[in-house]
Amino acid sequence: MIKEIVKHSVRSFSRQKNYVLINILGLSIGIACSLLISMYVFYELSYDSFNEKSDRIYRVILDGKIGGQEVQASSTATPIGPTMLQEFPEVEDYTRLNIGGETIIKFEDKNFAEDKFAEADSSFFRIFSIPLVKGDILTILDAPYKVALSESTAKKIFGEVDPIDKMLRIGNDTSLYKVTGVFQNIPGNSHFEANIIGSFLSNPRANDNQWLSNSFNTYLLLKPGTNYNDVNSKIPAMIKKYIGPLIQQFIGISLDDFFSQGNKYTLFLQPLLDIHLQPEIQQDTKPANDPKYLYIFASIAILIIIIAAINFMNLSTAQASKRAKEVGIKKVSGSSKGLLIKQFLTESMILSFLALLLAILFIELFLPYFNSLLQVDLNMNYFKNWYSIPALLLITIFVGLLAGSYPAFYLSAFKPIQVLKGSIKDNLKNGKLRSVLVILQFSISIILIIGTTIMYRQINYMQNKDLGFEKEQLLVIRRAEVIGNRIKSFKEELLNVNGVLKVTASTALPAHNNNNNGHLVEGRREETLLLETNWVDYDYLETFGMELAEGRFFDKNYPTDVDACVINERAAHHYNFSPALGTRFLRGDNNNPDSIAYSPVIGVVKDFHFRSLQTEITPYIFIFKQENTNWGFVTAKISANSIKKTINGIENVWKDFTGNEPMQYFFLDESFNNLYKEEARNSKLAIIFTMLAIFIASLGLFGLTSFTVEQRTKEIGIRKAMGASVAKIFKLIAKEIVILISISTLIAWPLIYYIAKNWLQNYHYRINLGAFDFLLGFIIAIVIAVITISYRTLKSAKVNPAVSLKYE
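1. Here we look at the packing of aromatic side chains
Here is step 1: Summed over all chains, the structure comprises 39 aromatic pairs.
Here is step 2: Between phenylalanine 553 and phenylalanine 554 the ring centres are 5.0 Å apart and the planes differ by 65°, which places this aromatic pair in the edge-to-face class. The exposure classification of phenylalanine 553 matches that of phenylalanine 554, with both residues buried.
Here is step 3: Over the ring of tyrosine 765 we find lysine 465, and its NZ or CZ is 5.5 Å from the ring centre.
Here is step 4: Positioned over the ring face of tyrosine 558 is arginine 552, at 3.9 Å from the centre of the ring.

Here it is in structure tokens:
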């Protein structure tokens, strides 16, 4: 029975090769796109799942609101972990993680730049499932100045030599670190990255008791069976015990009064598996991915499969008139409806399986590009995972049933008497069902076109919006602390380099913020005001091209400016400084630690964006940078001419001041654009899959047009014989398509408007939706459709009427 069904299916394919090829190509591209998107979505959802204890690992999150400014961040105080281990019986262990970022590793006379340095407690490898290749898990980081290397870093530094007990110098630390272990490279789907992990006990703040200084990630391992909400419920008592006295000491009010003023200061536990998909929490580990994008791409995967399935339905039902006689004869010969359904579904399954094979070929060809675009490491693992092959077979069956079920039931329902009378053929010419399917197909395509256009416009807007400062041609040198207390001399020497226009030193930069501090103001000591803080020199404003709203910036002609400060417009408005100039911030007196000194506001800078445009501009304060504040960055404004030569000159000056230290630098515009790396990447991905979806829809439209023209061959011949021009015949065929796409557009517009409006709410600074966005989708769809049908329609219209009238 099965053999006969397959045999009949193969014969059927041979009679309709063109339509079979179009179906296979459309289905294969649809399956390939859906598989690629599914692989990416599952990869994102699998972050940190390699940890065997992932269901018991939690990160402690700071949840605060001070002076109207809310913050949720993974930065916590040093004593949090040890205290919770000691006082909370639910806690089995803890580890702190300090993301150090870029540093220089020195071994003998060689220097190695490393951008993934971290510090962790000795329990790190017991909590996280990162296997050790060498070293003892109990002692690997149990003392200061011990360090573990990833396999790739160990090979980079030591080659094939055993690295254990070798001594390294890290950064500017004068102490040597002993290599005590080598660990397997941390998987790409981990929320943190590290190639070198030093003992947290090496950090000067490892044993401090500063509860209000939040700088480190703290992770807890809860005991089996523990509900983390039980731990959350105990945190307020801990805050009251340890934070309460400090609030009383520094602000002069009780913790309850502090809270009654609308402030908040608490902690909560964040499940490990949630970290990568909660971008609203500030963190210094890998940027979290917005789950909305995963929903978008999962939807695109489903829509592409639907478009490919509609192609199959459309072309199958379009061929119904050709197969009607076959169905009629088989029914007269005794074939049952059930047997015919099995035959048509078998044909669908065979096509789906062939499409899967072609889809796998496409995936293998384009997966390297896909991985490069997304910066991930996806692979099919056909035989590594037991579920891979069954999953592919299930996809084949699902697509085969989705695409083939309706045509199977539709074709098998023909009655022999109607077929022989020719009434089926007459009814099929109406093509109402095909019109509905084309409308659905192009509605989906138009939604994708408009959605991708809006996404691209928003990314372009963020990358090109006036930020309130000049980000171009700013070369930023990291690790200014290497120069020590000679920053002033270093700047003077840089200004002698050809191509260097201006130079400034600071502790922070736009897109590189590192201090969001609480401040007190004269006359409002009961309030703590939260401001992003940056210590800068005299040349910062001019180097960055910022503008003043009122007052002045730090000026060498005013000696007292070294004790003053400058704020942004947002700070003045948000905290109601009226007038802003003359407002005095409280600070410690360096000469007399027991007394209070004041920093008057001497200027207000126009608002500028120092974070992503997803977030609102918040209060900002500039404090004068003394010579002994030598950490941070040195930024040079350079000429666009002879950039390479200018950089070489800057590097020579650096070497004169630092000896053999390598200079690490970046351009600020590139760094700022990295804030939108995820959006730009997702935008490219959406454009690619939208184009493929349109291509699949166009394949179906081409096949459908071919069938329509074929059905109307005699009609076209008669019209030509009666004097109709080629243009008029083209217009006749194209008119139907334009009407269908117009209906598709009317369906798509309200849907995509709702989707786009909700998506744009993620961005505080965003584009406005305009009529052009929606008209563009309609125009693109029309142009693509007209181009698709042109070849087949014009070819038929140019045929000699005498030939057309003979067509059967």
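2. Points about the packing of helix H16 (residues 487-494) against helix H19 (residues 643-658)
Here is step 1: Viewed as axis vectors pointing N to C, H16 and H19 meet at an angle of 150°, and their least axial separation amounts to 10 Å. Classified by the angle between their axes, H16 and H19 sit roughly antiparallel to one another. Seen along the crossing, H16 lies across H19 with a hand that is right-handed. For the pair H16 and H19, the contacting residues are Ser489, Phe490, Glu493 and Leu494 in the first and Ile650, Val653, Trp654 and Phe657 in the second.
Here is step 2: Among the residues making up the contact of H16 with H19, the classes are represented as six nonpolar, one polar and one charged.

3. Details of the nonpolar core
In a soluble, globular protein the nonpolar side chains are often hidden away together inside.
Here is step 1: Phe297, Phe370, Met546, Phe553, Phe622 and Phe689 are the most contacted members of the largest nonpolar core, which has 112 residues in total.
Here is step 2: If one sorts the elements of this core by residue count, helix H2 (residues 17-45) sits on top with 14 residues.
Here is step 3: Ignoring sequence-local partners within four residues, the contact set of phenylalanine 689 consists of Cys33, Leu36, Ile37, Ile300, Ile304 and Phe370.
Here is step 4: Counting residues in hydrophobic clusters, the runner-up holds 42 residues, among them Tyr58, Val60, Ile567 and Tyr575.

4. Some words on the packing of helix H3 (residues 80-87) against helix H6 (residues 228-242)
Here is step 1: Their axes nearest at 12 Å, the elements H3 and H6 cross at an angle of 115°. Taken together, the axes of H3 and H6 are roughly perpendicular relative to one another. At the point where H3 passes H6, the crossing takes the right-handed sense. Contact with H3, carried on its side by Ile80, Thr83, Met84 and Glu87, involves Val231, Ile235, Met238, Lys241 and Tyr242 of H6 and no other residues of that element.
Here is step 2: Partitioned by chemical class, the residues of the contact of H3 with H6 number six nonpolar, one polar and two charged.

5. So, the pairing of strand S5 (residues 110-120)
Here is step 1: Where strand S4 (residues 91-107) and S5 come together, nine bridges link them in antiparallel fashion. Along S5, the bridge assignment pairs leucine 97 with alanine 120.
Here is step 2: Connecting S4 to the antiparallel partner S5 that follows it, the hairpin turn spans two residues, and glutamate 108 within it adopts a positive phi of roughly 55°.
Here is step 3: Of the pairings in the sheet, the one linking S5 to strand S10 (residues 196-199) comprises four bridges and is parallel in character. By the bridge assignment for S10, phenylalanine 117 is matched with isoleucine 196.

Criteria and thresholds
Residues numbered from 1 in each chain as written. Predicted model: local features only at pLDDT ≥ 70, side-chain atom pairs only at ≥ 80, totals over all residues. Heavy atoms only, no water. Phe/Tyr/Trp six-rings, centres within 6.5 Å; stacked < 30°, edge-to-face > 60°. Buried < 20%, exposed > 50% of the residue type's maximum accessible area, 1.4 Å probe, protein only. Lys NZ or Arg CZ within 6 Å of the ring centre and 35° of its normal. Axes fitted to C-alpha atoms, helices over the stretch in contact; angles between N-to-C directions. Helix = DSSP H or I, 4+ residues; strand = E, 2+ residues; numbered from the N terminus. Parallel < 35°, antiparallel > 145°, perpendicular 65-115°, else oblique. Left-handed = near helix turned anticlockwise from the far one by under 90°. Contact = heavy atoms within 4.5 Å. Nonpolar A, V, L, I, M, F, W, Y, C, P; charged D, E, K, R; others polar. Core = buried A, V, L, I, M, F, W, Y, C linked by side-chain atoms within 4.5 Å. Pairing = 2+ DSSP bridges.

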